[in-house]
Amino acid sequence: QVQLVESGGGLVPPGGSLSLTCTTSGSAVNIVAMGWYRQAPGKERELVATINRGGGINYAEPVKGRFTISRDNAKTTAYLQMNSLKPEDTAVYYCNERTTCGQDYWGQGTQVTVSS
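Just so you know, these numbers come straight off a predicted model, no measurement behind them.

**Student:** Would you mind going over the side chain of Thr-110 with me for this structure?
**Tutor:** Position of Thr-110 among the secondary structure elements: in strand β11 (residues 110–114). Of note is the side chain of Thr-110, whose polar atom sits 3.3 Å from the backbone nitrogen of Gly-9. Thr-110 has contacts with Glu-6, Gly-8, Gly-9, Leu-20, Ala-91, Val-92 and Tyr-93, leaving out every residue within four places of it along the chain.

So this is what it looks like as structure tokens:
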């Protein structure tokens, strides 16, 4: 059974930084990409950043230049470094794995709150 566990969320003032970690376990095969998504209250879940199995990276426009996605060599842990955080970055952040068949695996989410 595939499990994804996020950690690292919390409360940070505007302009601050947080680092999220996603640790995966289980027997997911043919993972084509890992990524981070977020969902703010009253809004739909949206893409933050993805990294594919070849190392290609994609960022949502609102986070470009501020967030950095990475992963370990074993491709079992993904990271999201978030700098220059803004109140509009407040959301529950979810880790995702997607297979070549289009199946998605999700973590339980971690809350990020940007507020003074």
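**Student:** Please explain the state of the cysteines as it appears in this structure.
**Tutor:** Formally, a disulfide is one covalent bond, and it connects the sulfur atom of one cysteine to the sulfur atom of another. In this structure the tally under the stated criterion is 1 disulfide. One disulfide bridge connects Cys-22 with Cys-95, the sulfur atoms lying 2.0 Å from each other. One quick way to see it: the torsion about the S-S bond of Cys-22 and Cys-95 is about -80°, and its sign makes the bridge left-handed. Highlighted residues: Cys-22 in strand β3 (residues 18–25) and Cys-95 in strand β9 (residues 91–99), separated in sequence by 73 residues. Neither Cys-22 nor Cys-95 differs from the other in exposure class; each is buried. Counting only cysteine sulfurs, Cys-95 is the nearest neighbor of Cys-101, a cysteine outside any disulfide, at a range of 19 Å.

**Student:** Whenever I open this one, the packing of aromatic side chains confuses me. Can you help?
**Tutor:** Two measures describe an aromatic ring pair: the distance that separates the ring centres and the angle between the ring planes. Counted according to the given criterion, the structure contains 2 aromatic pairs. Between the aromatic rings of Tyr-37 and Trp-106, the centroid separation amounts to 5.1 Å while the plane-to-plane angle is 75°, which identifies the pairing as edge-to-face. One end of the pair, Tyr-37, is in strand β4 (residues 31–39); the other, Trp-106, is in strand β10 (residues 104–106), with 69 residues separating them in the sequence. Residue classification places Tyr-37 among the buried positions, given a relative accessible area of 13%. Assessed through its relative accessible area of 33%, Trp-106 is described here as partly exposed. A ring pair is formed by Tyr-94 and Trp-106, whose centres lie 6.5 Å apart and whose planes are at 90°; its orientation type is edge-to-face. With Tyr-94 in strand β9 and Trp-106 in strand β10, this pair connects stretches of sequence that are 12 residues apart. Ring pairing ties together the aromatic residues Tyr-37, Tyr-94 and Trp-106, which thus form one cluster. One residue, Arg-45, lies across the ring of Tyr-94, its end atom 3.7 Å from the ring centre. Here Arg-45 stacks its cationic end above the ring of Trp-106, 4.5 Å away from the centre of that ring.

**Student:** I keep staring at the nonpolar core and nothing clicks. Help me out?
**Tutor:** Soluble, globular proteins show a tendency: their nonpolar side chains are buried together. If you look at the biggest cluster of nonpolar residues, it comprises 25 residues, and the most contacted ones within it are Trp-36, Val-48, Phe-67, Leu-80, Met-82 and Tyr-93. When residues of this core are traced back to their parent elements, those giving at least two are β3, β4, β5 (46–52), β7 (67–71), β8 (77–82), β9 and β11.

**Student:** Got a minute to help me understand the pairing of β9 in this structure?
**Tutor:** Each regular strand displays side chains that alternate between the two surfaces of the sheet. With 7 of its 9 residues buried, β9 lies for the most part within the structure. Relative to β11, β9 runs antiparallel, the two sharing 3 bridges. Counterpart to Ala-91 in the pairing with β11 is Val-112. Here 3 bridges tie β9 to β10, and the two strands are oriented antiparallel to one another. Bridge pairing in β10 links Arg-98 to Asp-104. Between β9 and β10, which pair antiparallel and follow one another directly, the connecting turn spans 4 residues, one of which, Gly-102, has a positive phi of 90°.

How each quantity is defined
- Residues numbered from 1 in each chain as written.
- Predicted model: local features only at pLDDT ≥ 70, side-chain atom pairs only at ≥ 80, totals over all residues.
- Heavy atoms only, no water.
- Helix = DSSP H or I, 4+ residues; strand = E, 2+ residues; numbered from the N terminus.
- Polar contact = N/O pair within 3.5 Å; in protein donor to acceptor, adjacent residues only side chain to side chain.
- Contact = heavy atoms within 4.5 Å.
- Disulfide = S-S within 2.5 Å.
- Buried < 20%, exposed > 50% of the residue type's maximum accessible area, 1.4 Å probe, protein only.
- Phe/Tyr/Trp six-rings, centres within 6.5 Å; stacked < 30°, edge-to-face > 60°.
- Lys NZ or Arg CZ within 6 Å of the ring centre and 35° of its normal.
- Core = buried A, V, L, I, M, F, W, Y, C linked by side-chain atoms within 4.5 Å.
- Pairing = 2+ DSSP bridges.

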